[in-house]
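Tertiary structure, described
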Amino acid sequence: MENRRTTFLALAAMILTLGALWHIHRPVILQETTLAEVEAEAVRGGYRLITTEALAELYRQQRDKVLLVDTRQDWEYRSGHIQGAVNFPLEPTAWSRWRSQARLAALLGPDRDRLVVFY
């Protein structure tokens, strides 16, 4: 009887371990985000979306009052970015955004009236 119990526990532990490994390493398929979804998320978060034309005009007129933040990876930023933009790579996960909160607060600084544009 003890042998069966030990075998069962070992088998259960192996199944749980394999299940956990599969879950951690399973392929994640990212879905394409629609403009409507982006607009809805912006409204929920209290953000305002502007067109590239409006941003270009605003940046030409008030460059010192606009902070452009390029959220792409370092190598993408180095391959080309808007002049004056700072790089702040962000992964598209809640965990990454949560981990980056302190660094982002330091980047943004105390000026709450400055327009910050993430792209």
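Quick notes on the rules
- Residues numbered from 1 in each chain as written.
- Predicted model: local features only at pLDDT ≥ 70, side-chain atom pairs only at ≥ 80, totals over all residues.
- Heavy atoms only, no water.
- Core = buried A, V, L, I, M, F, W, Y, C linked by side-chain atoms within 4.5 Å.
- Buried < 20%, exposed > 50% of the residue type's maximum accessible area, 1.4 Å probe, protein only.
- Helix = DSSP H or I, 4+ residues; strand = E, 2+ residues; numbered from the N terminus.
- Contact = heavy atoms within 4.5 Å.
- 1 Å grid on protein atoms, 1.4 Å probe; cavity = no way out; pocket = protein on both sides within 12 Å on 5 of 7 lines; lining within 4 Å.
- Points joined across faces, edges and corners; volume = space filled by probe spheres on them.
- Nonpolar A, V, L, I, M, F, W, Y, C, P; charged D, E, K, R; others polar.
- Pairing = 2+ DSSP bridges.
- Polar contact = N/O pair within 3.5 Å; in protein donor to acceptor, adjacent residues only side chain to side chain.
- Salt bridge = Lys/Arg side-chain N within 4 Å of Asp/Glu carboxyl O.
- pLDDT = per-residue confidence, 0-100.

Below, the discussion takes up the nonpolar core. Listed in full, the six residues of the largest apolar core are Leu 55, Tyr 59, Val 66, Leu 68, Ala 85 and Val 117. Of all the secondary structure elements, the ones that give two or more residues to this core are helix H3 (52-61) and strand S1 (66-70). Those residues in contact with Val 66, other than ones at most four positions away along the chain, are Leu 58, Tyr 59, Arg 114, Leu 115 and Val 117.

With that out of the way, let us pick up the layout of surface pockets. Here the largest pocket defines a volume of roughly 1700 Å³. Lining the largest pocket are 35 residues, with Glu 41, Tyr 47, Thr 71, Phe 118 and Tyr 119 positioned closest to its centre. For the lining of the largest pocket, the secondary structure elements donating two or more residues are helix H2 (35-45), H3, helix H6 (101-108) and strand S3 (115-118). A per-class count over the lining of the largest pocket returns 17 nonpolar, nine polar and nine charged.

The subject of this paragraph is the sheet that holds strand S2 (residues 86-87). The pairing of strands in a sheet comes from backbone hydrogen bonds and takes either a parallel or an antiparallel form. Ordered by their spatial adjacency, three strands build an open sheet running S2-S1-S3, and the pairing between neighbours is parallel. Both edges of this open sheet fall to S2 and S3, since each of them pairs with a single strand only. Bridge count for S1 against S3 is four bridges, and the pairing is parallel. Paired with Leu 68 across the bridge in S3 is Val 117.

This part covers the side chain of Ser 100. Mapped onto the fold, Ser 100 is located in the loop between helix H5 (94-99) and H6. Given the relative accessible area of 6%, Ser 100 is considered buried. From its side chain, Ser 100 meets the backbone oxygen of Ser 96 in a polar contact 2.8 Å long. In this structure Ser 100 touches Phe 88 and Leu 90, once residues within four positions along its chain are discounted.

To continue, consider the pattern of salt bridges. The tally for this structure, following the rule as stated, stands at two salt bridges. Asp 70 is the partner of Arg 72 in a salt bridge, and the nearest nitrogen-oxygen pair spans 2.8 Å. For Arg 72, a relative accessible area of 28% translates into the label partly exposed. On the basis of relative accessibility, which here comes to 0%, the residue Asp 70 falls in the buried class.

Let's shift gears to the confidence of the model for the protein chain. Put simply, the protein chain has an average pLDDT of 88, and 99% of its residues get 70 or more. Per-element mean pLDDT across the protein chain ranges from 83 in H5 up to 94 in S2.

Turning to the environment of Val 116, a few remarks are in order. With respect to the helices, strands and loops of the structure, Val 116 is situated in strand S3. The spacing of Val 116 and Glu 2 is 114 residues in sequence and 66 Å in space, taken between C-alpha atoms.

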